[in-house]
Every structure is written in C-alpha cells, then in structure tokens.
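Structural description and commentary
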Amino acid sequence: MSGAKSWTALQALARVEWRQFVQHPRRTLLLMSLVAVPVAAMVGAAALLRIVEPSPEELRASIMGSAAMRVDLTDIAGAADRALALLPRSARTEAIANGIERVSVPGIRLGARLLALEPSALATRGLALGLVRVERGRPPANDREVALSPVLMEGLARSIGDSVTLGDGSARTISGVLFDPEALDDPLVVRSPIAVEDRVERQWLVGLAGDSVASAARALEAAGYAVHTRTESGRRGATVTAVIFLFGSVGFFEAALVIAAAFAVSLRRRQREIGLLGSLGATVSGITRAMLLSAVALGAVAATIGVGLGAAGAAAVLPFLDTLNRRWNGSFEFPLEYALPAAWLGVAAAAIAVLFPARFSARLPIREALGARRPVRAVSRRWLVAGLAIETMAVALLLVPRGHGVMSGLAVIGSAVLGVIGFGACSPWVLAALGRRAGPLPLAWRLALRDSGRFAARNGPVVTAVLAAMAMGVMVAVLVASLDGKITSFPAPYRDDQIVVEGAGAEDVARRVAQAQRAIAVAPVTAAYAQGVPLRVRFAGDSATMRRIDWVACGDEALLRAIDGDAGANAFRDGALIAIGLPKGAGELRVIAGPRRRRIAWPTTQRIAMTQNVVGPAFVVASSALESRGLTSGPPPRNALVPWVMRLDHAVTQQEIRAAQALAAATPGTNVDAVLLHRGPARSFFFTMLAACLLTALVVVLVATSLTAAESAGDEHVLHTVGAAPSLLREHAAARAGYLALLGCVLAIPAGMMPAIGLLASTNFAVQLVIPWRDVALCTGLLPMLAYAVTWWGGGGRRVVLAEA
C-alpha cells in the first residue's frame, strides 16, 4: 500500500512539473536562458578563437609551405652547393628568395615584399604550396609573368593581363592575384628568380620522407645552417585553453549562482504545491529527486540550445573574420573538445544550483508549506564565520609563490572563486544585520531592507551572483589601470603632434592631409639598405642590458623636421649620422651593413636630445650621403611600403584624426595612424567587460525582483488596502532591486581586487598596483541606479502583488 501511495505521489509530482512548463512558459524560458547564454558564449568564443588562431599546419605552411624542412642560406657564395651536398639523393629541393621589390606603372611606383621562386614550387606537388594562396588567375609560369597581392592590384589600378614594370626595368604581365594567408594586407610580388639575387634572403625548401629528415637536419645544423623542420614548427600553444578555462570557470560559477537564485524563488512560489505533494505521500528524497531531474532536463535542453546558438553565432561572424584580423582564417571549425564540456558544465550548473533550494523546500513541514508562508528564521552567525574562513583561504592562495606555471594559475583562479564564495557566504548575515538597522530610512527603503533581511538566505544567492558579475568588472578595471601605468613608461609609437599615413596611396593622402591640416613638415620615412638588408646602428653602454640595435632612416630636411631633429640640421647637411634621444650611458656607435654585419666607418655623429619619449626612428642620415657608400633606400624594417609622416605645430586632435581618416578612406589600402589612436589600448576592453558585467548583474536583479515579489506580497497588500499610493509600491520594489544591487557591488570591490593582485603578481615583469577609484565607483554606482530605474519604469511588483492578493 505504501509503494502504491508513493507511486501515486510521483505521478502527481510529474504532472505538477509538466504543468509548470505549460502554465509558465516565460519563467521556464527565462531559467533556460540562464543556462543557454553562458554555454553559447563559451562555445561561440571557443569556436572563434579556434578559427582565428593559426592551426599547427597553417603555422608550418607559413614557414615552409608543404616541405619537410627549410634551410636558410646566410652565405651567398657556394652556400647552396654545400647544403645540397649534405642532403640525401632522394631529397626534392626548391630555391626561394625573400626581399624587396619595386612595382611601377605610369605615374605610380610602389614597394612590396618579394617572393621569388621557380614555377614548379607552386605546381600540384610544389614545396611552396601554402606560403601563398591564389585568389584569381594563376601563379607566374615564366620570367615574363608576375603575380601581385590584392592591395597592390588596387594601388596600381591594374587587373589580370595588364603589364607592370619591376625594379630591374623588366616589363611583366600580371598572371594572377596571390596573397599571404597570414597577412592579407601585405603588398606581395611573386615572380621567378633572376640570375643574380644579391639583395634577398635565400632559403631552400626540402622535401624528405621518414627518418632522413632528422639526420639531414642534424648534418645541416652541424655545418652552421639555420634549419626549420616540420615537426618542430607550428606547435599550438595553450593560450586559448588557458583563456577559456579562466573565464569559463568564473562564468559558469556565476551562472550557477544565478540559476540557484532563480530556482530558489521559483520553488518559493510553488511552496503550496510541494506541500500538497507531501500530503499525498511523496518523500523528501522523492520530491528532491524529481526537482533535480526536472532541472537536469531543463539544463540539458538549454545546454543543447546554447551549443547550437554558440556555433551559429560563430558561423555568422566567420565571413567577417578575414577583414577583422587581416588573415585568411579558413573554414569553420567546431571545437568539440570545448562544446561538450561547456554543455556538461551547463547541465551540472543547473543540477547543483537547484539541489540546495530543492532540498530545503522539500524538507519544509507540510503544514507550513500548505500555509504558503515560509517561516522567518534568524540568520545564524555561522554564515559570517564560514564566509570569513573562506576569505582567509582565498588570501592564502594569493601567497602561493609565483613562477610555478599551472599551479600559479590555479591559485589565482581558486582565489577569485573562493573570494566570491566567501563574501557571498557573508551576505545573508550582512542582509539580516542591515535589515535590523533600517529604522531611520524612508518607508519604501525601510521595507526593502527589512524584507531582504527577513529572507536573507534566499536573497544571499542574488547578492552573490551580483558581486560575482561586478567583481569581474572591478578586476578588469584594476588590471587595465595597472597595465596602462606600466605602458605609459614605454616609448610611444609616435609623437603627439605626428600623423602617419601608410599604404598604397600614402604619398597622395599624406600631402592632402598635410595641406588640410597646415602641417609644418611632411616627408616619406625610408630606411638605408646595404645588399638588401637594412642598415643598423649598434651601440653599447656600461652594461649588457644597454645593448641595442636600431635601423637608420634616410631622407631630406623635411624628414628631420617631421621627427623633431631640427637641432642637428647643420650636421645633417654635412652627412653626419643624427642620433636622437640615446639612452643614458650609450657608448660607441657602430654602423652595421649587409647580411654579414660588416662595419661601416661613419665620420661624424651628432647626438641631440629627444623632446618626447617615442620609439623612433632613433637615427637618420641624409639620402645624399648613401650613394657614396654604395647604399640604397627602401621601406623601413617590417614595412612593405614606405610610410609618410607629417608633423603639426600642436598635438593632434580627434577632429583632425577623423578628417585624415576620411581622406584616407577614399584611397584603397591606405590608412592613417597617430599616438592619439594608441592611448588607453585596454580601455575599450574594460568598457566591453563592464557592459557585459552590468548586463549580467542587471538580469540577475530583475529576475530576482520579478520572481520574488511574492515574498512581500502580504505586506504590500496591507499597504494597498490602507490606501498607500501606487508610487510607494513601485518605489518599494525599485528600492529592493537597487539595494540588492548596491550591496553586491560593494562586496565586489574587495572580491575583484584579490584576483587582480594575484594576476599582477604572476606577471614576469614588475607592475605596480594602481586602483582606479573613478572606474571602481562607476562599477559600484551604475548598476544600482540602473536596477532602480528599470524596476521603477517596469512598475515594480504591483501586478504581482495584486495577483497574489
């Protein structure tokens, strides 16, 4: 008889659960969204990071194409013959060369990166496959053809079949459009090699199979060659895994808190139904198990939806990724190794979150449950003691010695999670204590504090979820401020009165911008070259840390004025090397030229002080001084095209930058840059994180407010009956939302600073802790105001109050 009664109770419980899905679809969808959203975010972020990050094979292809080995030939005479002699007879080889090439059409001459190779290297089984990709047409088939990258085609206003002139004066027909998969904006010229390539860096691509690769690599390295093998190159780092693990762990912990709060208030509204089930014979374990299974089913459906949404979101962004990060990202990649754990974490978060409130609701005495009024229990000080003990553990984790790799990272993550749990455990006691001291406050706020204190055990998870969300914002604010303080000690890329124009139309755009802005100087920034290698200056100080190598810029007096080197104008005209802003203790200067770094005697050197802490160029000579030394000019190192720089008589403003950008936008492949665009590089990340934290916390507060209006329905019904103004009811609900948000934000300040301190201590360079009190105040004050305003605008809980009444 007892078994039949229990079975009847379980059937009734199943019907009740199904009726909850049918009668309250909005609430069900809301609970599902709390699981689906973090799952979708983790899966979508993992998919995008997986797509954007070069795969091991893509990294290998960018270094050596499809070959098994690449050999760098640093010596010109006889290097190839000696290298070939060390290779097995079965080896296939392809010679390639990298350097600088000039491409011109009537009226336009552009510099570009050169890739010279035989047509067979890009054939069906060619060893250079992967170094470049064909967009249109085909690779050059002979020494009368050339292939260009898209940015060069646009800059030269040419199409396939047209002719261009190369730097040696030869005319070649464009056979196709090729691009470097790792640098879509890189101006690139692909042609066959010429008889003498004396200004290029040469390599051999070697095709080998089996164990002969390792033995050949050892022989070549023993002979002094730089060798890159396929097995050693292209290893994927653990960066993506670490980032996803860090933010995923914190994100799902926060999601569990949100779900726990939502389930707690949802079960509170179903208290009478739970009492009826208990009266029919359902056991505490049976009710708990049924609610747990209901949460697991809901979490499974929500996690599945989240995985689909995350994958769909990543697929929707995929067509724009090539434009965003300027590399060929390839096809869509679904990170199954992240999607499945994300789904399981979503289900586990829902199950764990519902376990405690379900158990608490199921154990409520039947008489109290049928009365639909939960007894008010005093909050024990054990909550406070437990919270302080957990905080002690969090602080202890911050004292773990750094430099232990994974252990240091786990210590920081553990400290962050324990910090949130500790302050969250203290929150019920804090809510109860503040509720007892709410007497002097206005009526609406007094009711809000007392209601929150009476149901502190239920409101504690809400406060914890808010502080978990906002702690992320505080942590990012402290990290950004501290790193910005470190960054400001580094040289800026440009002066604050400079605008730099780069790209295919740099000269035309720079002259137009300089005319519009009334610049005091505008000039191209070229570098001095010896045998195709940038000319460099090496200087030694009193210690090994003062050693540095810098490239040498060349130009006329307009360039000298543009980089604020006017003090050395006289020496510049006489052919002296102008050194700008040398570090203290810098000793003898040595000009190094060519691939063998032979020293060039430069008769005079003029040193002048730097008025602003900028990167460079640190050295400049007159272009007329190059010819007598057999030197040439070309783009600066790491630049395929020659940039142009202009200098104003005042610091560049946002309005001037926008005007320059508008002029550059009309010329394909051209852009402008200035130090103004580099200030506060992490500020955008901070505001993005702040917006995400605010949105998450606001959803938590609004969900809790809308679902817990029944907690104070009786008191508010009494106020409504005795003639309280509707505005009081609205203000009461708004005050409760703002109060919970404010308490969570206040507790988030120390909870967010703890992991920030741990992360700063884990860096391999010294970073001073900087607390941006303005940003912290923004994190603390904005959410309560938003919660109050949105709840007031939404009418508070008046409809719920009247419905409950």
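Looking at an unreviewed UniProt entry, one finds the chain named FtsX-like permease family protein and attributed to Eiseniibacteriota bacterium.

Points about the overall build of the chain
Assigned secondary structure in the chain consists of 24 helices and 24 strands. Counting over 805 residues, the chain shows a buried share of 50%. Considering only intrachain contacts with a sequence separation of at least 6, the fraction spanning at least 24 residues in the chain is 82%. Accessible surface, the chain as shown: approximately 37,500 Å² in total, 61% of it carbon and sulfur.

Things to note about the side chain of Arg495
One can find Arg495 in the loop between helix H15 (456–487) and strand S11 (498–503). Here the side chain of Arg495 touches Asp497 through a polar contact of 3.0 Å, side chain to side chain.

Points about unusual backbone geometry
Unlike most non-glycine residues, Ala157 shows phi in positive territory, near 55 degrees. Tracing the chain through its elements places Ala157 in the loop between helix H5 (150–156) and strand S6 (163–166). We classify Ala157 as exposed; its relative accessible area is 58%. In this structure, Arg518 takes a positive phi of about 55 degrees despite not being glycine. Here Arg518 is to be found in the loop between helix H16 (506–517) and strand S12 (521–524). Look at Arg518 and you get exposed, because its relative accessible area is 72%.

Some thoughts on the sheet that holds S11
Judged by pairing direction, the sheet is antiparallel, and its 4 strands sit side by side in the order S12-S23-S11-S24 without closing on themselves. Bordering the open sheet on either side are S12 and strand S24 (670–673), each of which pairs with just one other strand. Each neighbouring strand pair of the sheet contributes to a mean axis angle of 20 degrees, computed without reference to strand direction. Alignment of S11 against S24, held across 4 bridges, turns out to be antiparallel. Bridging across to S24, Val501 finds its partner in Val672. Across the sheet, H16 lies against S11, S12, strand S23 (644–647) and S24, angled at about 10 degrees from S23, the strand it touches most. Here helix H19 (residues 654–665) sits on the sheet and contacts S11 and S24; the angle it forms with S24, its principal contact strand, is near 165 degrees.

Cut-off values and rules
- Residues numbered from 1 in each chain as written.
- Predicted model: local features only at pLDDT ≥ 70, side-chain atom pairs only at ≥ 80, totals over all residues.
- Heavy atoms only, no water.
- Helix = DSSP H or I, 4+ residues; strand = E, 2+ residues; numbered from the N terminus.
- Buried < 20%, exposed > 50% of the residue type's maximum accessible area, 1.4 Å probe, protein only.
- Contact = heavy atoms within 4.5 Å.
- Areas by Shrake-Rupley, 256 points an atom, 1.4 Å probe, with all protein chains shown as cover.
- Polar contact = N/O pair within 3.5 Å; in protein donor to acceptor, adjacent residues only side chain to side chain.
- Pairing = 2+ DSSP bridges.
- Axes fitted to C-alpha atoms, helices over the stretch in contact; angles between N-to-C directions.

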